[in-house]
Amino acid sequence: PRRAVSPASRVEEGLAAGLASGPYFSYSFLCLFSVSITLTQKGIREIGRVLAYLFRYTALLRDVAPLRRYYEEEAQIAHTAFRYKEKQNTTSFVSAVASRMHQVPAQFLLNDHPFRDFDADGLAGLTRLLTPEHCFAVLSTKADVFPHIRLATDPIYGTPYGKNDVSRDSTPSR
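Residues numbered from 1 in each chain as written. Predicted model: local features only at pLDDT ≥ 70, side-chain atom pairs only at ≥ 80, totals over all residues. Heavy atoms only, no water.

Asks: Break down the overall build of the protein chain for me, with residues and values.
Replies: Looking only at helices and strands, the protein chain has 5 helices and 4 strands in total. The order of helices and strands in the protein chain, counted from the N terminus, is β-β-α-α-α-α-α-β-β. Here the protein chain, with 174 residues, has 20% of them falling under the buried criterion. Surface accessibility of the protein chain: about 13500 Å² in total, with carbon and sulfur atoms responsible for 56%. (Helix = DSSP H or I, 4+ residues; strand = E, 2+ residues; numbered from the N terminus. Buried < 20%, exposed > 50% of the residue type's maximum accessible area, 1.4 Å probe, protein only. Areas by Shrake-Rupley, 256 points an atom, 1.4 Å probe, with all protein chains shown as cover.)

Structure (structure tokens):
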């Protein structure tokens, strides 16, 4: 059996100082998933190892069965929050609803967090896409830690940058 070791636990190894994840850009027809990891200097030097840990953890999400329980718990929390929502300024409420009208179906306009039926097949399809081949990683640092990556200079801002595929050879075996 695979052991679930969270990428957040890599803080103890000195690779990361923080981790956040969730939807980055979300509409009713499209959602981008984002993971942001604040790396230490050691984590920057060992970026391939950090990414390998991340993708090993996302592979655990492909087992959809436990996700149903989390989904149902989140749905109950959202339902309770909606049912007992505090009164708010009418103008602010109307403005928020109006700004979401082009993003969500009409039946979900009044609820900030609508829950539809749990879709195990759809979720399985999405989690199968959480692989290095389907992701785009960006590393921003002032440190010159990758001398092997040929830098180019942005013609407008003069910022040096480089592009490189993360090698599968840097994947940890543990």
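Asks: Explain the nonpolar core to me, using residue names and the numbers behind them.
Replies: One finds Leu15, Leu39, Ile44, Ile47, Val50, Leu51, Tyr53, Leu54 and Phe55 forming the largest nonpolar core, which totals 9 residues. In terms of residues, this core owes the most to one element, helix H2 (residues 47–60), which gives 6 residues. In this structure Leu39 touches Leu15, Ala16, Ile44, Ile47, Val50 and Leu139, once residues within four positions along its chain are discounted. (Core = buried A, V, L, I, M, F, W, Y, C linked by side-chain atoms within 4.5 Å. Contact = heavy atoms within 4.5 Å.)

Asks: So what's going on with a nonpolar patch on the surface? Residues and values would help.
Replies: Taken together, Leu19, Phe33 and Val35 make up a surface patch of nonpolar side chains, about 250 Å² in accessible area. In this structure, Val35 sits in strand E2 (residues 31–39). In this structure Val35 comes out as partly exposed when scored by relative accessible area, which is 31%. (Patch = residues over 30% accessible without salt bridge, like charges linked within 9 Å, V, L, I, M, F, W, Y side chains within 5 Å. Salt bridge = Lys/Arg side-chain N within 4 Å of Asp/Glu carboxyl O.)

Asks: Explain the confidence of the model for the protein chain to me, and be specific about the residues and the numbers.
Replies: The pLDDT averaged across the protein chain works out to 77; a share of 77% of its residues lies at or above 70. The model gives residues 169–174 a pLDDT under 50, and that stretch makes 12 contacts with residues more than four places away or in other chains. (pLDDT = per-residue confidence, 0-100.)

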